[in-house]
Amino acid sequence: MTNWNHRRPRVTYLSGGGSGIGLGFAKALIAQGGSVAIFDLQMRDELLAELKQACVAHGQSVFFYPADVTDPQGMDSAMGLAHLHQGPADLAFNCAGLMRNAVFTELPFETFVQVINVNLIGSRNFAASALKHMASQGHLVFMASLAGIVGSYTQAAYAASKFGVVGLAEVLRAEQKLQGIDVSVVCPGEIQTPLLDYEREHGSDVTRQLNAVAGVLTVDQAVAGILRGIQRRQFMITPGFKAKVIRAVARKCSTLQRWIVDRNLARSFRAKHPSAALR
Ligand code: NAD
């Protein structure tokens, strides 16, 4: 946990720290003595109090700044405050995100736009504001998904947003190198969080079966893998062995990957609709 290639981040700006992976990441950073500025729509008082109580190192702090990543001016103001209270960011991690899945022909326009706004435009807004407040040799990290590399059933909006995040990260990686800032993008498979609970409750069984190939990680497992990648400043970070294999196959042999998706999709679909004729 302490093998940082660069110096350990003193201050981290983190969106989506009020739940799931972001919250687990905030806890891990605080346990390592770091200060965290959390940007989220909301944060439960008892959670914030718990994080503050865990700050024991000299000068360590946790602040919550209510902010919506889809609002560029709001992000700018919130990060301006974070800089004032906690100093520049050694690490800035955009972890806020939203998943709403349905077969494309049943996915309302408004839902599609909402997912793109939070995941892709939100990543743009977070990065644009964070880059104004980065410490020298800082590290900017985006949260994408395996859905940003592989097209899965019912994930048209989510995949479009996450493929966009991977593209954004690719360009910023090259541009920001000139400024001494490293950029990474995290592409995990499924992780047991409230976002996944929502998908299990409202999503398709076929999608669940397809995505099961990559395995499901606990938040602690995912955070440990993400932290390792960040410590090493890897560009593309995928926690979990199975998810890593899928990422490698998809990027190195996309035809094989599509064949596997088609075969698994046909199997899952047949199991669910035995009488349906598939072309
Ligand atoms: P989560 O729902 O537990 O947490 C998401 C957080 O983002 C919440 O605190 C929420 O309030 C915040 N958020 C949502 N919209 C926001 C907005 N407009 N402005 C500011 N904050 C906002 O979900 P999670 O599973 O922890 O997801 C975190 C990230 O990881 C997301 O980007 C998600 O797409 C990605 N991801 C999740 C999984 C998974 O299976 N859980 C897999 C791959 C990638």
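Everything that follows concerns the structure shown earlier in this document.
Residue positions are given per chain, counted from 1 along the sequence in the order it is written. Where local features are concerned, this predicted model is filtered to residues with pLDDT of at least 70; where side-chain atom pairs are given and counted, the filter is 80 or more; whole-chain, interface and lining totals use all residues. Hydrogens are left out, water is left out, and the side-chain values use all remaining heavy atoms of the structure.

1. Considering the overall build of the protein chain
Thought 1: Looking only at helices and strands, the protein chain features 10 helices and 9 strands.
Thought 2: Against the globule reference of 19 Å for 279 residues, the protein chain gives a C-alpha radius of gyration of 19 Å, in line with a compact fold.
Thought 3: Considered along the principal axes of its C-alpha atoms, the protein chain spans approximately 65 × 35 × 30 Å.
Thought 4: It only takes one pair of heavy atoms within 4.5 Å for two residues to be counted as in contact. Relative to all contacts within the protein chain whose residues are 6 or more apart in sequence, the contacts with residues 24 or more apart total 74%. By the criteria applied, helices consist of DSSP H or I runs no shorter than four residues and strands consist of E runs no shorter than two, each listed in order from the N terminus. Based on C-alpha atoms, the radius of gyration is set beside the globule rule, defined as 2.2 Å times the residue count to the power 0.38.

2. Focus on the pairing of strand β1 (residues 11–15)
Thought 1: Of all the 5 residues making up β1, 5 are buried; the element is thus mostly covered by neighbouring parts of the structure.
Thought 2: For the exposure calls, accessible area comes from a 1.4 Å probe over protein chains only, and a residue counts as buried if that area is under 20% of its type's maximum, exposed if over 50%, partly exposed in between. Every second residue of β1 is oriented toward a common face, with V11, Y13 and S15 on one face and T12 and L14 on the other, all of them buried.
Thought 3: We treat two strands as partners when DSSP finds at least two bridges between them. Both β1 and strand β2 (residues 35–40) contribute to a ladder of 5 bridges, which runs parallel. Paired with T12 across the bridge in β2 is V36.

3. A few points about unusual backbone geometry
Thought 1: At T154, a residue that is not glycine, the phi angle is positive and equals roughly 70°.
Thought 2: Along the chain, the position of T154 falls in the loop between β5 (134–143) and α5 (156–177).
Thought 3: Judged by relative accessible area, which is 9%, T154 ranks as buried.
Thought 4: Residue R233 is not a glycine yet carries a positive backbone phi of 55°.
Thought 5: Looking at the secondary structure, you find R233 in the loop between α8 (219–231) and β9 (236–237).

4. What to know about the site of the ligand
Thought 1: Here a residue counts as near a molecule or strand whenever at least one of its heavy atoms sits within 4 Å of it. S19, D40, Y158, I191 and T193 are the nearest of the 26 residues found near the ligand.
Thought 2: Any pair of N or O atoms that falls within 3.5 Å is considered a polar contact. Within protein, one atom must be able to donate a hydrogen and the other to accept it, and sequence-neighbouring residues count only if both atoms are side-chain atoms. Backbone polar atom of A96 to an oxygen atom of the ligand: 3.4 Å apart, as the coordinates give it.
Thought 3: A distance of 3.0 Å separates an oxygen atom of the ligand from a polar side-chain atom of K162.
Thought 4: Relative to its unbound accessible surface of 830 Å², the ligand loses 91% to contact with the protein.
Thought 5: Counting residues per element, the ones that place at least two in the shell around the ligand are α1 (20–31), α5, β7 (190–191) and α6 (194–202).
Thought 6: Along the lines of polarity and charge, the residues of the shell around the ligand split into 14 nonpolar, 8 polar and 4 charged. We get accessible surface area from the Shrake-Rupley algorithm with a probe of 1.4 Å; when it comes to residues, only the shown protein chains can shield them. Residues were grouped as follows: Ala, Val, Leu, Ile, Met, Phe, Trp, Tyr, Cys and Pro as nonpolar; Asp, Glu, Lys and Arg as charged; and all remaining residues, including Gly, as polar.

5. Observations concerning the sheet that holds β5
Thought 1: Pairing within the open sheet is parallel, and its 7 strands lie in the order β3-β2-β1-β4-β5-β6-β9. The open sheet terminates on both sides in strands that have one partner only, identified here as β3 (62–66) and β9.
Thought 2: Relative to β9, strand β6 (residues 182–186) runs parallel, the two sharing 2 bridges. In the sheet register, V185 faces β9, and the bridge partner there is M236.

6. Considering the side chain of K162
Thought 1: Relative to the assigned elements, K162 resides in helix α5.
Thought 2: Despite its burial, K162 pairs with no opposite charge, the nearest such side chain being D40 at 13 Å.
Thought 3: Once you skip the residues sitting within four places of it in the chain, K162 turns out to touch N119, M143, A144, S145, A147 and G148. A residue counts as positive if it is Lys or Arg and as negative if it is Asp or Glu; His and the chain ends are not included. Take a side-chain nitrogen of Lys or Arg and a carboxyl oxygen of Asp or Glu: if they are within 4 Å of each other, that pair is a salt bridge.

7. Describing the nonpolar core
Thought 1: Grouped together as the largest cluster of nonpolar side chains are 45 residues, with contacts concentrated most on Y13, F39, F126, L140, F142 and V185.
Thought 2: Those residues in contact with F142 that lie beyond four places of it in its chain are F93, N94, S123, A127, V165, L168, A169, L172, V183, S184, V185 and V186.
Thought 3: To define a nonpolar core, start from buried Ala, Val, Leu, Ile, Met, Phe, Trp, Tyr and Cys residues and group those joined through side-chain atoms within 4.5 Å. Within the second largest apolar cluster, 32 residues are counted, among which are L29, L51, I191 and V223.

8. Observations regarding the packing of aromatic side chains
Thought 1: Stacked, tilted and edge-to-face pairs are distinguished by plane angle, under 30 degrees for stacked and over 60 for edge-to-face with tilted covering the rest, among Phe, Tyr and Trp rings (Trp via its six-membered ring) whose centres lie within 6.5 Å. Per the stated rule, a full pass over the model turns up 6 aromatic pairs.
Thought 2: Between Y13 and F39, the ring centres sit 5.8 Å apart and the planes meet at 65°, which makes this aromatic pair edge-to-face. Separated by 26 residues along the polypeptide, Y13 in strand β1 and F39 in strand β2 bring together distant segments of the chain. The exposure classification of Y13 matches that of F39, with both residues buried.

9. Considering the pattern of salt bridges
Thought 1: For the structure shown, the criterion picks out 8 salt bridges.
Thought 2: Between D182 and R233 there is a salt bridge, with the nearest N and O atoms lying 3.0 Å from each other. Pair noted here: D182 is in strand β6 and R233 is in the loop between α8 and β9, with a separation of 51 residues, a long-range link.
Thought 3: Given a relative accessible area of 17%, R233 falls into the buried group.
Thought 4: A salt bridge links E190 to R200; the shortest N-O distance between them is 2.7 Å. Separated by 10 residues along the polypeptide, E190 in strand β7 and R200 in helix α6 bring together distant segments of the chain.
Thought 5: Residue R200 is classed as partly exposed on the basis of its relative accessible area of 32%.

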